[in-house]
Amino acid sequence: MPGLVSVKTPPDAPPIRITVPEEPPRTPVPPEATRSEPRTNSPATRRPPSPSPSTSRAKPSPDRGSAKKKSPPEKSLINESSLDNPDLGPFLLKLARDTIASGEGPSKALDYALRASKNFENCAVEGEPSLDLAMSLHVVAAIYCSLGKFEEAVPVLERAIRVPEVSRGADHALAVFSGYMQLGDTHSMLGQLDRSIECYKEGLKIQMEALGDNDPRVAETCRYLAEAHVQAMQFDEAENLCKKTLEIHRVHSPPASLEEAADRRLMALICEAKGDYESALEHLVLASMAMIANGQENEVAAIDVSIGNIYSSLTRFDEAVFSYQKALTVFKSSKGDNHPSVASVFVRLADLYYKTGKLRESRSYCENALRIYAKPVPGTTAEEIASGMAEISAIYELFNEPEEALKLLQKAMKLLEDKPGQQSTIAGIEARMGVMLYMVGRYEESRSSFESAVSKLRASGERKSAFFGVVLNQMGLACVQLFKIDEAAELFEEAREILEQECGPCHQDTLGVYSNLAATYDAMGRIEDAIEILEYVLKLREEKLGTANPDFDDEKKRLAELLKEAGRSRNKKAKSLENLIDPNSKRTKKETSKKWSAFGFRS
């Protein structure tokens, strides 16, 4: 994190070291670019986009010394009445730092840091904001995070942001900037992506006012915010920020710099997610050239994996295999045959060989990857193993082995369940489990899995994303199978509203929800509402999408049956859906028997 103290650490970093600055912050510290693969929330079986720099949200490791046998409580050497001594605050912060460094655990350090902040508060001159107080609050929040108490860190950081005054100069402005970035990281660890992004935006705004729009440190923050947008699947916003980062680095960095390579890898990820594979390939080739120029062999191999992913998406399979094999050779020689990087290439090859019809080779690569994940080498994170298992489960699903795929997803979820910042990833896994449970006819379990995923996605701020709309639609289908028609209708209505906004009325996902909603209204006895939806859908197909789609004839037949039942003919001037679904309208529930529509429901 560009700032004072970050709760976010690279996956391969040692346990967190909470450093206590001796002086208030002068300038923000740019983040080190990490190299890890982003997690996708999608329940789809397609592999995730290529790896990009610094997209992981890793859990800070509590100090391992806290597990040691506690010594008898010592009498406090500090009298509470002495907290008005202006020399005590720096001394207490030094004690907090030394306590962490000695391995005694963060609990005692927290006590010292809390006393330091109290001292700075008592000694502050009335009307004068204290940077020392803001600094000590940042340290308190960082220790809370190292203890896993993220909820308690949030109000501390909110207070730390209010202490300095931006108008008093660069020191105050950058202290507020650091506070916003640290608060954004903490929200991220809680899975609250929308709040996290808002904090990063505020931090970037303040940093740009203090340093100017083209400072290299601004570029680092732009990339950081872009990565957060990628995690939230907000690719247009991420692309704009990444373009700005590239522009700044062109001015301030030498050609083929590591900074430019990191920017281009992120831009490639964004282009791939948007389906612009040719542009993604161009960025990856330029990034690879920069890494070669800087002697970064392992990074070149990681980019080769990403290039292989693009070739696979473009159905250039021979070139994809060549890229994967190049990366595999480097990873085996530099990291060993049982490293998770080797397993990740095995998974890519398994997916590729499935696409080319070589099922035996595909299964063999899956089994080889699973053997590595079953006995991980030291330093392998739970996130890496869970991600790999989730990807392999998607291939087993393609093999039409849903039970085996479910087992892998359950293992992946168990690995992540106690990891902060993984709520969205777990929600994506639960959504996929819901789909597979639905496929095998376990509808109650499917609905429960979807319900848990929906709850997590609402909490994480993804309640307006297209993915959330798709999950709501799938949960509605499970409710239909359980005869929970009113609940299904509510879910389809919410999904319709989200997908209309995010994808537009002509998108296949939106049209599928329209069809499901019409079928549900028919089952509820709301025939007129069902007719109006189908008339609207047919009008869309006739005027914008064409009538060659096989769904057109099916929907036309459905509409004819409903019109016959209602005793009227089709209204060619279908009204907009804008005011069609009235949440306050009276619903007629058929009590005597569960009459089901002849319509089919669409997933």
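Computed from a predicted model, the values in this text were never measured in an experiment. (Residues numbered from 1 in each chain as written. Predicted model: local features only at pLDDT ≥ 70, side-chain atom pairs only at ≥ 80, totals over all residues. Heavy atoms only, no water.)

(A) Quick look at the overall build of the chain. The helix and strand inventory of the chain stands at 23 helices and 2 strands. Taking contacts inside the chain between residues at least 6 apart in sequence as the whole, the part at least 24 apart equals 68%. Just so you have it, the chain exposes about 27000 Å², and 50% of that area is on carbon and sulfur atoms. (Helix = DSSP H or I, 4+ residues; strand = E, 2+ residues; numbered from the N terminus. Contact = heavy atoms within 4.5 Å. Areas by Shrake-Rupley, 256 points an atom, 1.4 Å probe, with all protein chains shown as cover.)

(B) Focus on the pattern of salt bridges. Scanning all chains against the criterion turns up 28 salt bridges. Glutamate 487 is the salt-bridge partner of arginine 447, the closest N and O atoms lying 3.0 Å from each other. With arginine 447 in helix α18 (residues 443–459) and glutamate 487 in helix α20 (residues 485–502), this residue pair connects regions lying 40 residues apart in the sequence. Since its relative accessible area comes to 22%, glutamate 487 is described here as partly exposed. Salt bridges sharing common partners tie together Asp236, Glu239, Lys243 and Lys274. (Salt bridge = Lys/Arg side-chain N within 4 Å of Asp/Glu carboxyl O. Buried < 20%, exposed > 50% of the residue type's maximum accessible area, 1.4 Å probe, protein only.)

(C) Layout of the nonpolar core. Counting 120 residues, the largest nonpolar core has Phe331, Tyr373, Ile392 and Tyr396 as the members making the most contacts within it. At 10 residues, the largest contribution of residues to this core is made by helix α3 (residues 131–146). Composition of this core by domain shows at least three residues from each of domain 1 (82–212) and domain 2 (381–453). If you look at the next biggest cluster of nonpolar residues, it comprises 43 residues, including Ala518, Val537, Leu538 and Leu559. (Core = buried A, V, L, I, M, F, W, Y, C linked by side-chain atoms within 4.5 Å. Domains from an automatic or database assignment.)

(D) Structural view of unusual backbone geometry. Of note, the phi angle at methionine 233 is positive, near 60°, even though the residue is not glycine. Relative to the helices and strands, methionine 233 is located in the loop between α7 (216–231) and α8 (235–252). Accessibility expressed as a relative area gives 28% for methionine 233, which makes it partly exposed.

(E) Local environment of the environment of methionine 439. As for its position among the elements, methionine 439 is in helix α17 (residues 423–439). Measuring from C-alpha to C-alpha, the distance between methionine 439 and proline 402 comes to 8.1 Å, with 37 residues separating the pair along the chain.

(F) Just helix α11 (residues 297–313), in detail. Compared with the 24 Å implied by 1.5 Å per residue over 17 residues, the 25 Å span of α11 between its first and last C-alpha is a close match. For α11, a buried count of 14 out of 17 residues is recorded, marking the element as mostly surrounded by other parts of the structure. Residue threonine 315 follows α11 closely and has a positive phi angle near 60°. (Expected span 1.5 Å × (residues − 1).)

(G) Expanded view of helix α15 (residues 382–398). The terminal C-alpha atoms of α15 lie 25 Å apart, and with 17 residues this matches the ideal 24 Å at 1.5 Å per residue to within 8%. One or two positions beyond α15, positive phi appears at asparagine 400, with a value near 65°.

(H) Summary view of the environment of leucine 359. With respect to the helices, strands and loops of the structure, leucine 359 is situated in helix α14 (residues 359–374). Taking the C-alpha atoms as reference, leucine 359 lies 8.4 Å from phenylalanine 399; in sequence the two are 40 residues apart. Once residues within four sequence positions are removed from consideration, leucine 359 is found in contact with Tyr353, Tyr354 and Phe399.

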